[in-house]
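Descriptive structure summary
Residue strings, one per chain:
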Amino acid sequence: THFGYQTVEKGSKESMVAGVFHSVAKQYDIMNDLMSFGIHRLWKRFTIDASGVRPGNKVLDLAGGTGDLTAKFSQLVGKDGKVILADINSSMLNVGRDKLRDRGLVQNIEYVQANAEHLPFEENTFDIVTIAFGLRNVTNKDNALRSIFRVLKPGGRLLVLEFSKPEHEILNKAYDFYSFNILPKMGELVAKDGESYQYLAESIRMHPDQETLKTMMNDAGFEQTTYHNLTGGIVALHKGYKF
Ligand code: SAM
C-alpha cells in the first residue's frame, strides 16, 4: 500500500499518519459528518462544556486539525483570551485556517505547526489543553501527555476526546463491523481513499481503553483524572488536572 502500514514498525508511524492526513485534509469535515452521522458535533460540544472555559483563558487545541474546537473556544475566551490551534500536519492546518478565517474568526487565534510530543511552548502557559481524536495518532502517547502537562498552568486541565471501548459487547461487535467493513468503503466512495479509513479503524482498535488511558494520564502527573463515556463508550472524554 502507499502507506505500508500493515508491515511497518512503530518508528514510521509518524510518516504514515502524515500521509493519511495530507490525503484526507480537504474531505475531512464532510467525512466526519458522514461517518459519525453528525454526532461528533455533540461530542465536541460536551468537551467544550466540560472544559469550564472562561473569558480571558489561554487554550491550546492540540492536534486541532480543521479547528472545530478552536472555533468554539475562540468565541468563549473573547478578546482578552487566546486559542492556539496546533497540529503536526500542514495540510490540516491550512484547511483549518481557511475555514476559520472564512467565518471571520481572526482576532484571538494563532496557528502553530507542532508535534504533541515536543510542544514548543513555555512551561505553565495554558489554562486548558484539548486533544480531540488526536492522541490515537501520536507515536509516543506518554511523551505527549508529559509534554502537555509541562505547558499547562497549575490548576489547568487536559481534556482528551478519543475513541474508546464500547461498554457492551453487542455494541462492540456492531461497531467493529461498521469500522472495518463500512468505513473504508465510505472513505473510498467519498474521499477516494479507502486506505486512510482502514487506518482509522485499525488505530481505533489499537487505542488504549478508558482505564488504561486514565492510568497513563496519572503516570504523566495528572490528578483528579476522570472519564465520561459518550455514545455507549464509542468515545470517551478524559479530564485531568495539573496542580
Ligand atoms: N481535533 C480535530 C477534530 O477533532 O476534528 C482533528 C482530529 S484528526 C482525526 C487528528 C489530527 O491529529 C490530525 O490533524 C493530525 O495531523 C494530528 N496529529 C497527528 N499526530 C500528531 C502529533 N504527533 N502532534 C500533533 N498533531 C498530530
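This report concerns the structure included in the present document. Since this is a predicted model, take the numbers as computed values, not measurements.

**Digging into the overall build of the protein chain**
Helix and strand counts for the protein chain stand at nine helices and seven strands. Computed over its C-alpha atoms, the radius of gyration of the protein chain comes to 17 Å, within 12% of the 18 Å expected for a compact globule of 243 residues. Projected onto its principal axes, the C-alpha positions of the protein chain cover 45 × 40 × 35 Å. In the protein chain, buried positions account for 55% of the 243 residues. Of the contacts made within the protein chain by residues no fewer than 6 positions apart, 72% connect residues no fewer than 24 positions apart. Accessible surface, the protein chain: about 11300 Å² in total, of which carbon and sulfur atoms supply 53%. Of the side-chain charges in the protein chain, 29 are positive and 29 negative, and the distance between the mean point of each set is 4 Å.

**Brief notes about the packing of helix α3 (residues 40-51) against helix α4 (residues 68-77)**
One can describe the packing of α3 onto α4 by two numbers: an axis separation of 10 Å at closest approach and a directional angle of 40°. For the element pair α3 / α4, the angle class is oblique. The crossing of α3 and α4 is right-handed. Between α3 and α4, the contacting residues are His40, Lys44, Arg45, Ile48 and Ser51 on the first element and Asp68, Leu69, Lys72, Phe73 and Leu76 on the second. For the contact of α3 with α4, a count of residues per class yields four nonpolar, two polar and four charged.

**Focus on the site of the ligand**
Lining the immediate surroundings of the ligand are 19 residues, of which Ala63, Asp87, Asn115, Ala116 and Ala132 lie closest. Asp87 has a polar side-chain atom sitting 2.6 Å from an oxygen atom of the ligand. At a separation of 2.9 Å, a nitrogen atom of the ligand approaches a polar backbone atom of Ala132. Protein chains bury 96% of the 590 Å² of accessible surface belonging to the ligand in isolation. Split by residue class, the shell around the ligand holds eleven nonpolar, six polar and two charged.

**With respect to the environment of Phe163**
The residue Phe163 is located in strand β5 (residues 152-163) in this model. Relative accessible area serves as the criterion here: at 14%, Phe163 is assigned to the buried category. Taking C-alpha positions, Phe163 is 19 Å from Asp49, a pair spaced 114 residues apart along the chain. Once residues lying within four places of it in the same chain are set aside, the contact partners of Phe163 are Trp43, Phe133, Arg136, Tyr175, Ile204, His207, Ile234 and Val235.

**Some points on the side chain of Ser196**
Within the element layout of this structure, Ser196 appears in helix α8 (residues 194-206). Judged by relative accessible area, which is 2%, Ser196 ranks as buried. A polar contact is formed between the side chain of Ser196 and the side chain of Asp193, at a distance of 2.6 Å.

**Remarks on the nonpolar core**
Within the largest apolar cluster, 37 residues are counted, with the highest numbers of intra-cluster contacts made by Met35, Phe73, Leu161, Phe163 and Val235. Once you skip the residues sitting within four places of it in the chain, Phe73 turns out to touch Ile48, Ser51, Val53, Val59, Val83, Ile128 and Thr130. Val112, Ala114, Met216 and Met217 belong to the second largest nonpolar core, which has 27 residues in total.

**Things to note about the packing of aromatic side chains**
Inspection of the entire model under this criterion finds seven aromatic pairs. Their ring planes at 85° and their centres at 6.4 Å tell us that Trp43 and Phe163 sit as a pair that is edge-to-face. Here the residue Trp43 occupies a position in helix α3, and Phe163 occupies one in strand β5, the gap between them amounting to 120 residues. Among the aromatic residues, ring-to-ring pairing joins Trp43, Phe133 and Phe163 into one connected group. Its guanidinium or amino end placed over the ring of Phe126, Lys58 lies 5.7 Å from that ring's centre, counting from NZ or CZ.

**Considerations on a nonpolar patch on the surface**
A cluster of nonpolar side chains, Ile30, Leu34, Leu189 and Val190, forms an exposed patch at the surface whose accessible area comes to about 350 Å². Secondary structure elements with two or more residues in the nonpolar patch: α2 (28-35) and α7 (169-191). By the secondary structure assignment, Ile30 is in helix α2. By relative accessible area, which is 46% here, Ile30 ends up partly exposed.

**Topic: α3**
For α3, spanning twelve residues, the distance from its first C-alpha to its last is 17 Å, which sits close to the expected 16 Å at 1.5 Å a residue. Among the structural elements, α2, α4, β4 (126-132), β5, β6 (223-230) and β7 (235-241) are those in contact with the buried residues of α3.

The rules behind these values
Residues numbered from 1 in each chain as written. Predicted model: local features only at pLDDT ≥ 70, side-chain atom pairs only at ≥ 80, totals over all residues. Heavy atoms only, no water. Helix = DSSP H or I, 4+ residues; strand = E, 2+ residues; numbered from the N terminus. Rg over C-alpha atoms; globule rule 2.2 N^0.38 Å. Buried < 20%, exposed > 50% of the residue type's maximum accessible area, 1.4 Å probe, protein only. Contact = heavy atoms within 4.5 Å. Areas by Shrake-Rupley, 256 points an atom, 1.4 Å probe, with all protein chains shown as cover. Lys, Arg positive; Asp, Glu negative; His and termini not counted. Charge placed at Lys NZ, Arg CZ, Asp CG, Glu CD. Axes fitted to C-alpha atoms, helices over the stretch in contact; angles between N-to-C directions. Parallel < 35°, antiparallel > 145°, perpendicular 65-115°, else oblique. Left-handed = near helix turned anticlockwise from the far one by under 90°. Nonpolar A, V, L, I, M, F, W, Y, C, P; charged D, E, K, R; others polar. Near = heavy atom within 4 Å. Polar contact = N/O pair within 3.5 Å; in protein donor to acceptor, adjacent residues only side chain to side chain. Core = buried A, V, L, I, M, F, W, Y, C linked by side-chain atoms within 4.5 Å. Phe/Tyr/Trp six-rings, centres within 6.5 Å; stacked < 30°, edge-to-face > 60°. Lys NZ or Arg CZ within 6 Å of the ring centre and 35° of its normal. Patch = residues over 30% accessible without salt bridge, like charges linked within 9 Å, V, L, I, M, F, W, Y side chains within 5 Å. Salt bridge = Lys/Arg side-chain N within 4 Å of Asp/Glu carboxyl O. Expected span 1.5 Å × (residues − 1).

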